[in-house]
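Listed below, chain by chain, are the residues.
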Amino acid sequence: MLTLNRVLLNTVAFLILSVQLCRPVCVDVPSDTEAVLGNQMRLTCISCMKREEVKARTLVNWFYFSDSGDVTHIYKYENSKETDVDGPFKGRLVWNGSKDLQDLSIVILNVTLNDSGLYQCQVSREFDFRFFTPTFSITKNISLTVKEKASEDTTAIYSEIMMYVLLVFLTFWLLVEMVYCYRKISKSDDQAQDTATNYLAIPSEQKDNPAAPVTE
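Attention here is on the structure that accompanies the text. (Residues numbered from 1 in each chain as written. Predicted model: local features only at pLDDT ≥ 70, side-chain atom pairs only at ≥ 80, totals over all residues. Heavy atoms only, no water.)

Some details on the overall build of the chain
Check the secondary structure of the chain and you find three helices and nine strands. Seen in sequence order, the chain has helices and strands lined up from the N terminus as α-β-β-β-β-β-β-β-β-β-α-α. Counting contacts in the chain only where the partners sit at least 6 residues apart, residues at least 24 apart contribute 55% of the total. As displayed, the chain has an accessible area near 16,600 Å², and 59% of this comes from carbon and sulfur atoms. (Helix = DSSP H or I, 4+ residues; strand = E, 2+ residues; numbered from the N terminus. Contact = heavy atoms within 4.5 Å. Areas by Shrake-Rupley, 256 points an atom, 1.4 Å probe, with all protein chains shown as cover.)

The following block contains the structure:
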């Protein structure tokens, strides 16, 4: 009974450790840079924290740089509070980040041709340690181009071509295998028929009285 209790305790401890180790992994991926007129566009801004167990106060500011060089503050996120700043993007920006504030992305609704330009994501963090509060900041730029129609994805086209090539190859290989198996079966049937014919051609006397073994 004591051994069983130890096994159960070890199992529970292993499961707890596994749950703690299986945490989501933060991956810094670049944002898409092409948007389609009238659709929505996600501006991806990711800032991974190396120590998730440390609490941090996060401030996110989004800026828009037009082709003429004008800079506009378009969005602010601080202490779980969203602020849709007045301007050309008023009412068209939606927060699309994560709860742990490692993904700090936003979405532009009903994209227009005037939305082309440079977007800048500024992230500031203030970590809460016991004796000091270090700060961290990072800036990411996204150059966005708005098109009236979506451009063709060459990767999808190549994938479709390769799929058809592979399908033709597999069909040809299947036909070759079928012909090979058919010829092999036909050859086996011919050999069996020849053996039966030869057996029937032997006189009945030789079948009933097989030759006696030769002795010296």
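What to know about the pairing of strand β5 (residues 81-84)
With four bridges connecting them, strand β4 (residues 71-78) and β5 associate as antiparallel partners. Bridge pairing links Y75 to D84 in β5. Counting the residues between successive antiparallel strands, the hairpin from β4 to β5 contains two residues, one of them, N79, with a positive phi of roughly 55°. (Pairing = 2+ DSSP bridges.)

Examining the side chain of S66
Mapped onto the secondary structure, S66 falls in the loop between β3 (56-65) and β4. On the accessibility criterion, S66 (18% relative accessible area) is buried. At a separation of 2.9 Å, a polar atom in the side chain of S66 contacts the side chain of S68. (Buried < 20%, exposed > 50% of the residue type's maximum accessible area, 1.4 Å probe, protein only. Polar contact = N/O pair within 3.5 Å; in protein donor to acceptor, adjacent residues only side chain to side chain.)

A closer look at the nonpolar core
Soluble globular proteins tend to pack their nonpolar side chains together in the buried interior. By size, the foremost hydrophobic cluster in this structure holds 24 residues, and its most contacted members are L43, W62, I74, Y75, I108 and Y119. Those elements giving two or more residues to this core turn out to be β2 (41-43), β3, β4, β6 (93-95), β7 (106-108), β8 (117-127) and β9 (135-147). Leave out the neighbours within four places in its chain, and I108 touches N39, Q40, M41, L43, F89, R92, L93, D115, Y119 and L144. (Core = buried A, V, L, I, M, F, W, Y, C linked by side-chain atoms within 4.5 Å.)

So, the environment of S137
Residue position: S137 is located in strand β9. Between the alpha carbons of S137 and V60 there is a distance of 9.8 Å; along the sequence they are 77 residues apart. Other than its neighbours up to four places away in sequence, S137 contacts V123 and S124.

As for the sheet that holds β2
Strand order in the open sheet made by the three strands is β2-β7-β6, with antiparallel pairing throughout. The two strands at the open ends of the sheet, each matched to only one other strand, are β2 and β6. Direction aside, the axes of adjacent strands within the sheet are offset by 30° on average. With three bridges joining them, β6 and β7 adopt antiparallel strand pairing. From the neighbouring strand, W95 faces β7, where its bridge partner is I106. (Axes fitted to C-alpha atoms, helices over the stretch in contact; angles between N-to-C directions.)

Focus on the packing of aromatic side chains
This structure, assessed with the given rule, holds five aromatic pairs. When the centroid spacing of 5.0 Å and the interplanar angle of 45° are considered together, the rings of Y64 and Y119 count as tilted. Of this pair, Y64 sits in strand β3 while Y119 sits in strand β8, placing them 55 residues apart in sequence. Comparing Y64 with Y119, the two get one shared label, buried. Summarising the aromatic geometry, the rings of Y75 and W95 are spaced 6.4 Å apart at their centres and angled 5° between planes, so their arrangement reads as stacked. With Y75 in strand β4 and W95 in strand β6, this residue pair connects regions lying 20 residues apart in the sequence. Take Y75: its relative accessible area is 1%, and that puts it in the buried class. Here the aromatic residues Y64, F89 and Y119 are joined through ring pairs into a cluster of three or more. (Phe/Tyr/Trp six-rings, centres within 6.5 Å; stacked < 30°, edge-to-face > 60°.)

Comments concerning the pairing of β3
For β3 and β8, the ladder comprises ten bridges, and the chain directions are antiparallel. By the bridge assignment for β8, Y64 is matched with Y119. Alignment of β3 against β4, held across seven bridges, turns out to be antiparallel. In the strand pairing of β4, N61 is matched with K76. In textbook terms, the turn of a hairpin is the stretch between consecutive antiparallel strands, and for β3 and β4 this stretch comprises five residues, one of which, G69, has a positive phi near 100°.

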